[in-house]
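# Results of the structural survey
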Amino acid sequence: MKVLVPVKRVIDYNVKVRVKADGSGVDLANVKMSMNPFDEIAVEEAIRLKEAGKVEEVVAVSIGVKQAQETLRTALAMGADRAILIVAADDVHQDIEPLAVAKLLAKVIEEEEPGLVLCGKQAIDNDMNATGQMLSALLGWSQAMYANKVEIEGDHAVVTREVDGGLQTVKVKMPTIISTDLRLNEPRYASLPNIMKAKKKPLDEKTAADYGVDVAPRLEVVKTAEPPTRKAGEMVGSVDELVSKLKEAGVV
Amino acid sequence: MNFGLTDEQEMIVSTVRAFVEREIYPHEAEVERTGRVPPELAQEIKRKTLELGFYACNFPPEVGGAGLSHLDFALVERELGRGSMALTHFFGRPQNILMACEGAQRERYLLPAVRGERMDALAMTEPDAGSDVRGMKCTARRDGGDWVVNGTKHFISGADHADFFIVFVATGEDDTPHGPKKRITAFLVDRGTPGFTVREGYRSVSHRGYANCILEFDDCRLPDAQVLGAVDGGFEVMNTWLYATRITVAAMSVGRARRAFDLALHHAAERRQFGQTIGRFQGVSFQLADAVTEIDAADWLTLAAAWRLDQGLPANREIASAKLYATEMLARVTDMGIQVFGGMGLMDDFPLERFWRDARVERIWDGTSEIQRHIIGRELLRPLGS
């Protein structure tokens, strides 16, 4: 079985995000970019499935600017076998919307015929949490989102999902789409021999036009703003004082 | 000319950086407080480094290393420099000088060192022989077919964890027009060899937990098989293999300076005095501006020296410049960091005071700043006949 792992190049989680002066979005010029952490978990899970003998090939795919090639190299250095880059934007500030990504992935899946898609539950830049679900609808495949545990058993997968209030275990028919949650695994470091091998692994470069998918945005960002700064707190001396302050504030 | 890193180099940097942040940083405070590395932790770091294929990455593939170039290795050292040396010691980089091993020595020393099975330490310095290496008093005399070693070495880093030592010893003296000149030979000495003792050393202000030890030789008998390189060829092995280690010191200084700088920068951006963040005061922002300029300069100087080695170009002067400048820069940058933090910078709640203390030794070991200036001056003036 082949696994397809979509990976997104996003602003590094350590970077302190700044809103652009005109409010059109977050400033991405000259900031450190990395693989979306949830996608890293997906790559790790795919490699573990391969190590466990459940999977023969791990294919990473990234859609975005040309620089997403670095993200794919990271996936290859972690252990993916080959990569596909779909250049769909030339400005780092141009985000490709989930529906366009899902349509492109559907086309890739038509060609590659993977038995499983493992994707991050959401990208940490815009937190859409939509691509996996949309892809499932486009393909008519089953889906198991927010995976905490994945077991492949022949023609179906048993996935434990993180849901509000606890864990839910579902059995889905393969081929399926699984999105990864934070606690599924702890991604490995790229080993030095794999870093050196990554360059020799195949990386195909395509464009959105090659697949005939229109990636023009359907959504309009009206405004991006910094979160409001927290107001200074107040120290209270006793429980009674706390209760009266809370009453004053009208919250109890 | 291209100043960018390759994809591989970027990945090497990010892997080592992530390793140091996750596997080293969390244990630093304890090592600093106790002055020792728990053996289980040392083994854990070693095991993870081996798994990652980074152990002995400075060695060529023929002997089981990763065969990194000098430039790639400088990048590794730079990232390791961010972390405590006591701990990154177990992200093993055996001494390159082991490549001088021949015949059975390869099986006994070189290969186990590369595989992480045996750790090495280098012993050169003596109480009366620091920068003046040839002034060493530790001697080996011929007795039958063996060598008998007597004398003392001190400041021997990593000796507490070493399984064997590369020891430089005087094996004779030549008369030259400049007076008598000692002949030096390098020996491989196993821990536990009769007549050889490793004693606890001094308590240093720099790099707590990265112990320095005293080695004592009292009629320690070594067969010829323990000679590394040629008899009386100690300087040749030294010059061939220890040439590049100064780049390591420079690169680590750059990494540590960046970490200290980042602390100061974020403090300046957050700390408020007189109704504004202190970074808004030019007195602070100009210090940060000078510091980052110096760090960048030291970074490029170091990488360029390593690059020259990879190109097979003469690099002695450039390596000396990098070592000199990077270590002196580190002293200034850590001092600046404390000034930006104010009194809190001196407290051990923050790692800055440690970086400031650790910085002090960098200008001394692996050739003092004065020795580096001497090398630079000599390289400049010799061709002019001066």
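Remember, predicted model here, so these are calculated numbers, not experimental data.

### As for the overall build of chain A
Along its length, chain A carries six helices and 11 strands. Projecting the C-alpha coordinates of chain A onto the three principal axes gives extents of approximately 65 × 45 × 40 Å. Residues counted as buried form 47% of the 252 residues belonging to chain A. Positive and negative side-chain charges in chain A, numbering 33 and 39 respectively, have mean positions lying 2 Å apart.

### A few points about a nonpolar patch on the surface
Taken together, the side chains of V236(A), L242(A), L246(A), V251(A) and V252(A) present a nonpolar region at the surface, about 420 Å² in accessible area. With respect to the helices, strands and loops of the structure, L242(A) is situated in helix α6 (residues 239–248).

### Considering the sheet that holds strand β5 (residues 82–87) of chain A
Residue and element names in this part refer to chain A. Strand order across the open sheet formed by nine strands is β9-β8-β7-β10-β6-β1-β4-β5-β11, with mixed pairing between neighbours. A strand with exactly one partner marks an edge of an open sheet, and here the two such strands are β9 (166–173) and β11 (203–207). Strand-to-strand twist in this sheet, taken as the mean axis angle between neighbours without regard to direction, amounts to 30°. With five bridges connecting them, strand β6 (residues 116–120) and strand β10 (residues 176–180) associate as parallel partners. Pairing of G120 across the sheet is with T180, part of β10. Set on the sheet, helix α2 (residues 68–78) makes contact with β4 (57–64), β5 and β11; between it and β5 the angle comes to about 165°.

### Some words on the UniProt feature "domain: Acyl-CoA dehydrogenase/oxidase C-terminal" (unreviewed entry) in chain B
Taken from the UniProt record, the annotation "domain: Acyl-CoA dehydrogenase/oxidase C-terminal" (unreviewed entry) applies to residues 233–381 of chain B. When the span residues 233–381 of chain B is considered, its composition is 77% helix and 3% strand, and the gap between its end C-alpha atoms is 28 Å.

### Quick word on the interface of chain A and chain B
The interface is formed by 15 residues belonging to chain A together with 17 residues belonging to chain B. Regarding the contact of chain A and chain B, the summed buried area is about 1,300 Å², with carbon and sulfur atoms giving 64% of it. In terms of surface lost to chain B, no three residues of chain A exceed Y189(A), L192(A) and I195(A), which account for 52% of the buried area on that side. Applying the counting rule to chain A against chain B returns one salt bridge. For D7(B), the salt bridge identified is with R73(A), shortest N-O distance 3.9 Å. Mapped by element, the contributors of at least two residues to the side of chain A that touches chain B are α2 and α5 (192–198) of chain A.

### Concerning the packing of aromatic side chains
According to the stated counting rule, one finds 12 aromatic pairs over all chains in the structure shown. With a centroid separation of 4.8 Å and an interplanar angle of 15°, the aromatic rings of F196(B) and F217(B) are classed as stacked. Residue F196(B) is located in strand β6 (residues 196–200), and its partner F217(B) is located in strand β7 (residues 212–222); the two are separated by 21 residues in the primary sequence. F196(B) sits in the buried class, given a relative accessible area of 8%. Taken together, the ring pairs in this structure connect Y189(A), F19(B), F54(B) and F91(B) into an aromatic cluster. Sitting over the face of the ring of F235(B), R134(B) holds its NZ or CZ atom 3.9 Å from the ring centroid. Between R246(B) and the ring centre of Y243(B), over which it is positioned, the NZ or CZ distance is 5.9 Å.

### Topic: the pattern of salt bridges
All names here are of chain B. Evaluation of the coordinates by the stated rule reveals 49 salt bridges over all chains. A salt bridge links D143 to R221, with the nearest nitrogen and oxygen atoms 2.6 Å apart. Here D143, found in strand β2 (residues 139–143), pairs with R221, found in strand β7; they are 78 residues apart in sequence, far enough to count as distant. For D143, a relative accessible area of 30% gives the class partly exposed. Given the relative accessible area of 41%, R221 is considered partly exposed. Connected via shared salt-bridge partners are R17, R78, E79, R258, D296 and D299.

### A short note on the domain arrangement of chain B
All names here are of chain B. Domains assigned within chain B are domain 1 (7–95), domain 2 (120–232) and domain 3 (242–384). Once you take the C-alpha centre of each, domain 1 and domain 3 turn out to be 20 Å apart. Facing the 20 residues of domain 1 at the interface are 23 residues of domain 3. Contact between domain 1 and domain 3 buries roughly 1,700 Å² in total, counting both sides, with carbon and sulfur atoms accounting for 60%.

### Here's the deal with the packing of helix α3 (residues 70–80) of chain B against helix α8 (residues 282–311) of chain B
Residues and elements named next belong to chain B. Across the interface, α3 lies against α8 with an axial gap of 7 Å and an inter-helix angle of 145°. Contacts between α3 and α8 involve H70, L71, A74, L75 and R78 on the former and, on the latter, D299, L303, A306, W307, L309 and D310. Considered class by class, the residues forming the contact of α3 with α8 number seven nonpolar, one polar and three charged.

### Some words on the UniProt feature "domain: Electron transfer flavoprotein alpha/beta-subunit N-terminal" (unreviewed entry) in chain A
Following the UniProt record, one finds the feature "domain: Electron transfer flavoprotein alpha/beta-subunit N-terminal" (unreviewed entry) at residues 23–215 of chain A. As annotated, residues 23–215 of chain A comprises 30% helix and 31% strand, and the C-alpha atoms at either end are separated by 23 Å.

### Topic: the pairing of β10(A)
Residues and elements named next belong to chain A. Across the five residues that make up β10, a large majority, five, are buried. Bridge count for strand β7 (residues 142–153) against β10 is four bridges, and the pairing is parallel. By the bridge assignment for β10, S142 is matched with T176.

### Details of the side chain of H154(B)
Residues and elements named next belong to chain B. Note that H154 resides in strand β3 (residues 146–157). Reaching out from H154, the side chain makes a polar contact with the side chain of Y202 at a distance of 2.8 Å. Sequence-distant contacts of H154, defined by excluding residues within four places in its chain, comprise T125, E126, P127, Y202, C213 and I214.

### Some details on the environment of M1(B)
As for its placement among the helices and strands, M1(B) is situated in the segment before α1 (7–34). Here the alpha-carbon distance between M1(B) and V37(B), two residues 36 residues apart in the chain, equals 43 Å.

### Quick notes on the pairing of β9(A)
Residue and element names in this part refer to chain A. Strand direction decides the pairing type here: strand β8 (residues 156–163) and β9, joined by eight bridges, are antiparallel. Residue pairing in the sheet places R161 in a bridge with Q168 of β9. The antiparallel pairing of β8 with β9 creates a hairpin that spans two residues between the two strands, and G165 there sits at a positive phi of about 85°.

### Focus: helix α4 (residues 131–139) of chain A
Residue and element names in this part refer to chain A. Those residues of α4 that fall on the buried side of the exposure criterion are G132, Q133, L135 and S136. Seen along its axis, α4 keeps its buried residues to an arc of 160°; they face one direction. Looking at the packing, one finds that the buried side of α4 touches α3 (98–112), β6, β7 and β10. Phi turns positive one or two residues past the end of α4, at G140, with a value near 75°.

What counts and how
Numbering of residues starts from 1 in each chain and follows the order in which that chain's sequence is written. Chain A is the first chain written and ligand 1 is the first ligand written, with later ones labelled in order. Note on the predicted model: pLDDT of at least 70 is required for a residue's local features to be given, and 80 or more for side-chain atom pairs to be given and counted; whole-chain, interface and lining totals, by contrast, use all residues. With hydrogens and water set aside, each side-chain value is computed from the structure's full complement of heavy atoms. Numbering goes from the N terminus for both helices and strands, where a helix is a DSSP run of H or I of at least four residues and a strand is a run of E of at least two. Each residue is assigned to one of three classes by its accessible area relative to the maximum for its type, calculated with a 1.4 Å probe on protein chains only: buried under 20%, partly exposed between the two thresholds, exposed over 50%. Asp and Glu count as negative and Lys and Arg as positive, but His and the ends of the chain are not part of the count. Throughout, a charge is located at the NZ atom of Lys, the CZ atom of Arg, the CG atom of Asp or the CD atom of Glu. Patch membership needs two things, relative accessible area over 30% and no salt bridge, and members are linked within 9 Å if like-charged or within 5 Å if nonpolar (Val, Leu, Ile, Met, Phe, Trp, Tyr). To be clear on the numbers: accessible area is Shrake-Rupley with a 1.4 Å probe, and residue cover counts the displayed protein chains and nothing else. One side-chain nitrogen of Lys or Arg within 4 Å of one carboxyl oxygen of Asp or Glu is enough to make a salt bridge. Any two strands with at least two DSSP bridges between them are considered paired. For helices, the fitted axis covers only the stretch in contact; all axes are lines through C-alpha atoms, and the angles between them, taken along N-to-C directions, range from 0 to 180 degrees. We call two residues in contact whenever any of their non-hydrogen atoms come within 4.5 Å of each other. UniProt positions are given in the numbering used here, feature names are shortened, and annotations may be inferred rather than shown by experiment. Summed over both partners, the accessible surface that disappears when two parts come together, traced with a 1.4 Å probe, is what is meant by buried area. The criterion for an aromatic pair is that two Phe, Tyr or Trp rings (for Trp, the six-membered ring) have centres within 6.5 Å, with stacked assigned to planes under 30 degrees apart, edge-to-face to planes over 60 apart and tilted to the rest. Any Lys NZ or Arg CZ found within 6 Å of a ring centre and within 35 degrees of that ring's normal is scored as a charge over the ring. Source of the domain bounds: an automatic or database domain assignment. Note that Gly is not counted as nonpolar here; it falls among the polar residues with everything else outside the nonpolar set of Ala, Val, Leu, Ile, Met, Phe, Trp, Tyr, Cys and Pro and the charged set of Asp, Glu, Lys and Arg. Pairing of N or O atoms within 3.5 Å defines a polar contact, subject to two protein rules: one partner must be a possible hydrogen donor and the other a possible acceptor, and residues neighboring in sequence count only if both atoms are side-chain atoms. Regarding the arc, it is the one traced by the directions from the helix axis to the C-beta atoms.

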